[in-house]
Amino acid sequence: VYVTTLLGNLLIMVTVTCESLLQTPMYFLLCNLSIADICFSSITAPKVLVDLLLRRKTIAFNGCLTQMFFFHLVGGVDVFSLSVMALDR
């Protein structure tokens, strides 16, 4: 699921970047939303995948705090992007 998410969002980014007809604000925001989605899924998924393979399933306090910070930061970017997309529509 993680790899499919990455590939799908990369496909959206490449399509919007390479196609000259898609150089409108809505598609620019869609590209930014894809970047935010890649970041959003890359914050927790690697740790979960590592924990599935290891016996010890712990996380340090600083690692947890870092994950929470970036999770909320990218979530805020996501909400902001969706708000600007709604305003553009």
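Refer to the structure presented above.
The notes below deal with the structure included here. Model, not experiment: these values are computed from the prediction. (Residues numbered from 1 in each chain as written. Predicted model: local features only at pLDDT ≥ 70, side-chain atom pairs only at ≥ 80, totals over all residues. Heavy atoms only, no water.)

Turning next to the packing of aromatic side chains. Inspection of every chain in the model, using the stated rule, returns two aromatic pairs. Arranged with centres 4.6 Å apart and planes meeting at 20°, the rings of Phe40 and Phe71 form a pair that is stacked. Within this pair, whereas Phe40 is found in helix H2 (residues 25-53), its partner Phe71 is found in helix H3 (residues 61-88), the two being separated by 31 residues in sequence. Here Phe71 falls in the partly exposed class, since its relative accessible area comes to 35%. Their ring planes at 75° and their centres at 5.2 Å tell us that Phe69 and Phe70 sit as a pair that is edge-to-face. (Phe/Tyr/Trp six-rings, centres within 6.5 Å; stacked < 30°, edge-to-face > 60°. Helix = DSSP H or I, 4+ residues; strand = E, 2+ residues; numbered from the N terminus. Buried < 20%, exposed > 50% of the residue type's maximum accessible area, 1.4 Å probe, protein only.)

End to end, H3 covers 40 Å across 28 residues, agreeing with the expected 40 Å (1.5 Å per residue, within 8%). The complete set of buried residues in H3 reads Val74, Gly75, Ser81 and Met85. Against the buried residues of H3 lie H2. (Expected span 1.5 Å × (residues − 1). Contact = heavy atoms within 4.5 Å.)

The subject of this paragraph is the environment of Met68. Looking at where Met68 falls in the secondary structure, it is placed in helix H3. For the pair Met68 and Val79, spaced eleven residues apart in sequence, the C-alpha separation works out to 16 Å.

Geometry only, nothing functional implied.
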